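Observations on the three-dimensional arrangement
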Amino acid sequence: MLDKNFDAAAAERRLYAVWEAEGRFAAAPDGGAIPYTIMIPPPNVTGTLHMGHALTMTLQDILVRWQRMQGRDALWQPGTDHAGIATQMVVERQLDGEGIRRSALGRDAFVERVWQWKAQSGGGITAQLRRLGASLDWSRERFTMDPGLSAAVREVFVRLHREGLIVRARRLVNWDPSFRSAISDLEVESREVRGHLWTIRYPVEGEVGRFLSVATTRPETMLGDTAVAVHPEDARYLDLVGRFVVLPLTGRRVPVVADAYSDPDKGTGAVKITPAHDFNDFAVGQRHGLAMPSVLDAEARIALDEIAGELRAVPGLADPAFVRGLSGQAREAARTAIVGELERLGLLEKVEPHVHQVPHAERGGAVVEPRLTVQWYCDAGRLAGPAIEAVESGRVEFVPRQWENTFFSWMREIQPWCISRQLWWGHRIPAWYGPDGHVFVAHDEAEAARLATSHYDAPVALTQDEDVLDTWFSSALWPFSTLGWPERTAELARYYPTDVLVTGFDIIFFWVARMMMMGLHLMEEVPFRQVFIHGLVRDERGQKMSKSKGNGIDPLELIDRYGADALRFTICALTGQGRDVKLGPKRVEEYRSFVTKLWNAARFCEMNEVRPVEGFQPEAAQGRLARWILDEAAGTAAEAGAALEAYRFDEYAASVYRFTWNRFCDWFLEFAKPVSNAGDTTEAAELRAATAHVLGTILRLLHPVMPFVTEALWAEFGFGPEGSLIVAAWPTAERLAGAPEVARELDWVTRFIGEIRAVRAEMNVPPSKVTPVLLRDAGPETVARAEAWAEAIGRMARVSAVSVLDGEVPAEVARGAAQAVVDEATLVLPLAGVIDLGAERTRLQKERARALEEAAKVERKLGNADFVARAKPEVVDENRERLSAFQQETARLDAALRRIG
RNA sequence: GGGCGCGUAGCUCAGCGGUAGAGCAUCGCCUUCACACGGCGGGGGUCACAGGUUCAAUCCCUGUCGCGCCCA
């Protein structure tokens, strides 16, 4: 016997353990089934489950469970990411708390410490995924720094290096001064900052009293200026091109160059050029062969090493002592000092408030400093071509399609990818340097040593590159590294390419595009056929959830309060295409009602001895009620399947919800009540069997989204042992013969009952008052139906008897009657003394006015010769029928009004 | 500045050439033997605005306004 309430917490613990123990999540590579594969977007190994995870993992689990039920060999590949910067930061903060500096600890000890932290907290996120009900094949769990995956990383690095697709180069790079590491352009976001625009006078060499004014938002970088650029067609400065100005503070002579980069309409039209600290200036510097001295160190403090030798004293312009005093100062402090000095020298023309875009590190938020360093770069430009082609040709399909534009626009202008990071936690770059700095890229030190020995003709001491790879480098290999690549494993052959990748649009560039580039280059095949891009989770007011705003919701808390099924269903129901998901506890509470409704409907079935009947054939059912609900269930299965096929999670949820609540519970179970109580008649037995069949269908249709409550009910009803629904067959969608005719009949009954209910409610007839119904003008079909469904009509519409009137309604009845029109028939409810006749008249008049208005609308349309001539014939016919129906309804309401006088 | 998306009932959203829908909220009635996390019924929308295409526009096209996101 089912408990009064569903104990979600107990069922979740018990059932997940059963599934896992019985290996229900495990892929079956040796079976004959067609594989269905999804790669989990690996969460940070030391992370905790947030709503974003809950969203994406729920959708993936729905797909995987659905396909598994369709007999596919489902592999949902689990695993976690080492998350270089994030994890290193966490451990550094822990060390800070203990008063230990990373540098004091040393590299090996530090990395060891991170491994300890991983061992200690690494199971957290996977345990939380289990709470959500995720049916991942845990036996195949991988970690990006596993030996196998690390070997894949080294193999790719070596291979791409040998192919010239990975190179080491000294370029300007985005530098995060707080992490003291390079970051990729994707990890930089520009933020609007209210700053100042300073206009500084640079004296023109050899022309006393003449100045060239330049405007800048970053005066401190002037220590590294090596030119001033003006537009080649700017008449104001033409005579200065090729001449020199003297840089204040350092006294350096710098040329005036003509370059189209300078915008004559912006500022003074002349710009200072600091090639080592600005990307645009770097390009100008390259075009004009300028020197590129750096004046900021790894922590963005003033560093004079590269300019110390050239400092000159120029009276009234440059004082080496002042500049030397800046050494080691933070860029902000140096800015203040430099502006003060320029003002003192009378070289500051003006200061204006200025709003401008400043690059910030996405993680950590430090102001990014472009810096000239040696880094490893991956030639993304060459790898992008095949990935672009794969999407163009449809071999990879984005859903919704609009994201393909986003993908194309980035891929077509992709920049070299800086893959080295000055961190300790991650895949160390497999490059070793000889005594003269010659680089040997190899799978391991022994191979590097062999290469070096042959290069130098003698064994030499090698030192390994200190840097690690960008975390996304290993993520990019995930679809094949998890399957054993570079070994040619059976899994790799079977499960690659995967079927679909499910993720948010925020990592299309970081991850999706890179997996495609690497997959196509190394596997020569796309990593997935489809990419389903879902929205982001937002709070109830539509704001992005974030730690800093404190508006985050903990999915585990929601699971504790409402159950995993309720949370999952909420997510599913709210996941439309191309829209973010606004989610709060209230929404989950709303959908928990559905879990409860299902539970109670099942309890009701159980009380009425509904049990699955072996070999039950829907098509063989005789009763009209049974055939109706069986066909509706099949229709719902068709809808649900089509919705999932199209990644319409909202439609899938809505379709099964509607059927379960509004068809099965509200109508079918109500109709079935007397029959189910009727003992052992053939009719009752068949209806019970049909009910069981439909309940089973509902459980199977809902299992992907609500795995726990459905599995619990499945076992309780004896559809199969506990833990077997997960592999039960997805319902077939075969409609029943003659179903449309039965559907019309049931539609009539529900409308008939509905009309009576509405009239009674509107006329304030107390529920205790049972009335007869007299049928006027009813055709033979209506009469037959009214007889056939008399019991249900009586019970559900509080009607004592339905009788057919031969002639007109007796006057004494008519004067107190409430009336309603259903198709050709008029329903007369004798309620003299119970209802207010004036109110009934008003109600009928309102109905009549509505029918008349509709009729007029259709009439206008049909009166339009163009419409009749040009619209599709079936549309014209449809409108003729509607007109006739509204006209008849009006006439019947007129008659009803006459009747009550 | 370039691109994308969105403005439909009080709220959240679906619909996307021919009858405007759902859930929640709201109002009325109902403690009817599965469920008050319930049942029954009602009210509520010039589908942002302005043009255009069409026999017909919430839906297609153009523009305007408002909001959001991405890229520069």
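So, how was this worked out
- Residues numbered from 1 in each chain as written.
- Chains lettered and ligands numbered in written order.
- Predicted model: local features only at pLDDT ≥ 70, side-chain atom pairs only at ≥ 80, totals over all residues.
- Heavy atoms only, no water.
- Helix = DSSP H or I, 4+ residues; strand = E, 2+ residues; numbered from the N terminus.
- Rg over C-alpha atoms; globule rule 2.2 N^0.38 Å.
- Buried < 20%, exposed > 50% of the residue type's maximum accessible area, 1.4 Å probe, protein only.
- Contact = heavy atoms within 4.5 Å.
- Areas by Shrake-Rupley, 256 points an atom, 1.4 Å probe, with all protein chains shown as cover.
- Lys, Arg positive; Asp, Glu negative; His and termini not counted.
- Charge placed at Lys NZ, Arg CZ, Asp CG, Glu CD.
- 1 Å grid on protein atoms, 1.4 Å probe; cavity = no way out; pocket = protein on both sides within 12 Å on 5 of 7 lines; lining within 4 Å.
- Points joined across faces, edges and corners; volume = space filled by probe spheres on them.
- Nonpolar A, V, L, I, M, F, W, Y, C, P; charged D, E, K, R; others polar.
- Near = heavy atom within 4 Å.
- Polar contact = N/O pair within 3.5 Å; in protein donor to acceptor, adjacent residues only side chain to side chain.
- Axes fitted to C-alpha atoms, helices over the stretch in contact; angles between N-to-C directions.
- Left-handed = near helix turned anticlockwise from the far one by under 90°.
- Parallel < 35°, antiparallel > 145°, perpendicular 65-115°, else oblique.
- pLDDT = per-residue confidence, 0-100.
- Disulfide = S-S within 2.5 Å.
- Pairing = 2+ DSSP bridges.

All right, on to the overall build of chain A then. Along its length, chain A carries 31 helices and 29 strands. Against the compact-globule benchmark of 29 Å for 901 residues, chain A has a radius of gyration of 38 Å, which places it well outside the compact range. Reported as C-alpha extents along the three principal axes, the dimensions of chain A are approximately 120 × 65 × 55 Å. Classification of the 901 residues of chain A by burial places 54% in the buried group. Residue pairs in contact within chain A that sit at least 24 positions apart in sequence constitute 77% of those at least 6 positions apart. With the model as given, the accessible surface of chain A reaches about 38,400 Å², and the carbon-plus-sulfur share is 50%. Distance between charge centroids for chain A: 3 Å, based on 105 positive and 125 negative side chains.

On to the layout of surface pockets, then. As a volume, the second largest pocket reaches approximately 1,200 Å³. Within the residue set of the lining of the second largest pocket, elements represented by two or more residues are strand 7 (188-203), strand 8 (211-216), strand 12 (270-273), helix 8 (279-288), helix 10 (331-344), strand 13 (348-361) and strand 14 (369-378). Split by residue class, the lining of the second largest pocket holds 13 nonpolar, 15 polar and 12 charged.

Around RNA strand B lies a shell of 38 residues, among which R579, T596, W661, N864 and R870 are the nearest. Considering the 4 Å shell around the protein, atoms of RNA strand B inside it are sugar or phosphate in 65% of instances. A601 places a main-chain nitrogen or oxygen 3.4 Å from a base nitrogen of RNA strand B. In the environment of RNA strand B, a sugar or linking oxygen lies 2.8 Å from a nitrogen or oxygen atom belonging to the side chain of N864. Listed by contribution, the elements that provide at least two residues to the surface near RNA strand B are helix 20 (585-607), helix 22 (649-676), helix 25 (739-762), helix 29 (837-863), helix 30 (865-870) and helix 31 (873-900). With 11 residues, helix 20 is the largest single contributor of residues to the surface near RNA strand B. Residue classes in the surface near RNA strand B are distributed as 12 nonpolar, 5 polar and 21 charged.

The contact between helix 18 (residues 555-562) and helix 20 brings their axes to 11 Å, and the two run at 35 degrees. The way helix 18 lies across helix 20 gives a crossing that is right-handed. Every residue of helix 20 that contacts helix 18 at L558, R561 and Y562 is listed here: P585, V588, E589 and R592. Considering only residue class, the contact of helix 18 with helix 20 consists of 4 nonpolar, no polar and 3 charged.

A few words now on the packing of helix 2 (residues 51-69) against helix 6 (residues 123-132). Interhelical geometry of helix 2 versus helix 6 gives an angle of 55 degrees and a closest axis separation of 11 Å. When the interaxial angle is binned, helix 2 and helix 6 end up oblique. Pair helix 2 / helix 6 crosses with right-handed handedness. Taking contact as the criterion, the partners of H53, A54, M57 and T58 in helix 2 are, on helix 6, I125, L129 and L132. Class assignment of the residues belonging to the contact of helix 2 with helix 6 gives a composition of 5 nonpolar, 2 polar and no charged.

In this section: helix 24 (residues 707-716). Of all 10 residues making up helix 24, 8 are buried, and the element is well covered by its neighbours. Looking at the packing, one finds that the buried side of helix 24 touches helix 1 (8-21), helix 2, helix 6, helix 19 (564-574), helix 20 and helix 23 (682-702). Count one or two residues on from helix 24 and you reach G718, which has phi positive near 75 degrees.

On to the confidence of the model for chain A. Of all residues in chain A, 99% attain a pLDDT of 70 or more, and the chain-wide mean is 91. This complex was scored by the predictor with a pTM of 0.92 and an ipTM of 0.95.

Evaluated as defined, the whole model comprises 0 disulfides. With no disulfide of its own, C572 lies closest to C665 among cysteine sulfurs, the gap being 19 Å. According to the relative accessible area criterion, C572 is buried, its value standing at 0%. There is no disulfide at C665, and the cysteine sulfur nearest it, in C605, is 8.0 Å away.

So, about the sheet that holds strand 28 (residues 817-822). What the 4 strands build is an open sheet, ordered 27-26-29-28; its pairing is mixed. Either end of the sheet is taken by a strand with one partner, and the two such strands are strand 27 (799-804) and strand 28. Averaged over neighbouring strand pairs, the angle between their axes works out to 25 degrees when direction is ignored.

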